[in-house]
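So you can see what is in the structure, the chains are spelled out below.
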Amino acid sequence: MRPLSLLLLLFAAIAASASVIITTKTLPNGTVQTPYAATILTSGGCTPMTWKIISGTLPAGVTSTVTNNTRSLAPSGTPTTAATYTFGVSVTGCRKHTSTAHYSVTIEAQPPVSFNLTVGKTGTGSGTVTSSPAGINCGTACSAGFTSGTVVPLTATPTVGTFTGWSGACSGLGICSVTMGSAKSATAAFDVPQPHSVDLNWDLDSGAVRYNIYRGDSSSGPFALLASAITSTAYTDTTVYSGQTYYYVATATDSAGAESGYSSVATAFIPTP
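The paragraphs below set out a description of the structure included in this document. Here the structure is a predicted model, which is why all the values come from computation and not from measurement.

### Thoughts on the pattern of salt bridges
A full pass over the atoms with the stated rule returns 1 salt bridge. Residues Arg215 and Asp237 are paired through a salt bridge, measuring 2.7 Å at the closest nitrogen-oxygen approach. You can see Arg215 sitting in strand E19 (residues 210–216) and its partner Asp237 sitting in strand E21 (residues 234–237), a full 22 residues away along the chain. The pair Arg215 / Asp237 is uniform in exposure class, with both members buried.

### Some remarks on unusual backbone geometry
Following Ser132, the chain continues into Pro133 via a peptide bond in cis, with omega recorded as 10 degrees. Residue position: Pro133 is located in the loop between strand E11 (126–131) and strand E12 (137–138). Cis geometry is found at the peptide bond from Gly221 to Pro222, where omega equals 0 degrees. Among the secondary structure elements, Pro222 is positioned in the loop between E19 and strand E20 (224–230). For Ala229, which is not glycine, the phi torsion reads 55 degrees and is therefore positive. Position of Ala229 among the secondary structure elements: in strand E20.

### A word on the pairing of strand E7 (residues 73–77)
Pairing geometry for strand E3 (residues 36–37) and E7, over 2 bridges, is antiparallel. Its bridge partner being in E7, Ala37 is matched across the sheet by Ser76. Relative to E7, strand E6 (residues 62–66) runs antiparallel, the two being bridged by 5 bridges. Bridging from a neighbouring strand, Val66 pairs with Leu73 of E7.

### Comments concerning the sheet that holds strand E15 (residues 162–168)
Reading across the sheet, the 4 strands line up as E13-E10-E17-E15 and stay open at both edges, with mixed pairing between neighbours. The two strands at the open ends of the sheet, each matched to only one other strand, are strand E13 (143–147) and E15. Strand-to-strand twist in this sheet, taken as the mean axis angle between neighbours without regard to direction, amounts to 25 degrees. As paired elements, strand E10 (residues 114–122) and E13 share 5 bridges and run antiparallel to each other. Its bridge partner being in E13, Leu117 is matched across the sheet by Ala144.

The rules behind the values
- Residues numbered from 1 in each chain as written.
- Predicted model: local features only at pLDDT ≥ 70, side-chain atom pairs only at ≥ 80, totals over all residues.
- Heavy atoms only, no water.
- Salt bridge = Lys/Arg side-chain N within 4 Å of Asp/Glu carboxyl O.
- Helix = DSSP H or I, 4+ residues; strand = E, 2+ residues; numbered from the N terminus.
- Buried < 20%, exposed > 50% of the residue type's maximum accessible area, 1.4 Å probe, protein only.
- Pairing = 2+ DSSP bridges.
- Axes fitted to C-alpha atoms, helices over the stretch in contact; angles between N-to-C directions.

Below you can see the structure in the form of structure tokens.
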């Protein structure tokens, strides 16, 4: 009877080893646009093994690869879409024993990317530059980080002299809007008025009773009202600064208050002393 007992024990050992079992219980989570790799392991059974996705879907951008010895499945790739993905897998050993497992993998969105916006000031005057959303108050806080894609309006407010223009990531004389997609910088110029002036003269319009003068920092505008209700055909602009170019247009109003269109553009460059 002993040979029979040995045979039964050998059969039991072979039967146990023929049953494949998936031993990996959970898989790691991931992040969009960040390489992802995981391994689903097995024990027992015999090769070759056959793997299947039996339910759900892998994360978008991730595919599964069977290892050379077929004992494990390796999901890998670069996730493209943030979501929680659930899926089931099965593995069948050479003796047709099957094991299944189910997983949930969360792919997170990329964390926001932030870039620094730095503000400088120059000129013979002084002033502050503030931002909306808050962060820049220069003043003292002249650099701040903003999320990529954020539009940051900058406002220059003079305290001594006047604001005479932007340079760097900004230009012109108005509020500057900076779209963040990299580190950027802008400089605001504040200047004390120098003894410069621009004399403007124009021809008399027989139907006009008053004239208006507009000024801009571009020949195509926009133009802001500089002086109104002028009764003569001359005007002197004393709010000009060295190194700047100014563009002027005039309009006429009749006795009913109707205003004409803009005149042709007159240009004045103020030299640097």
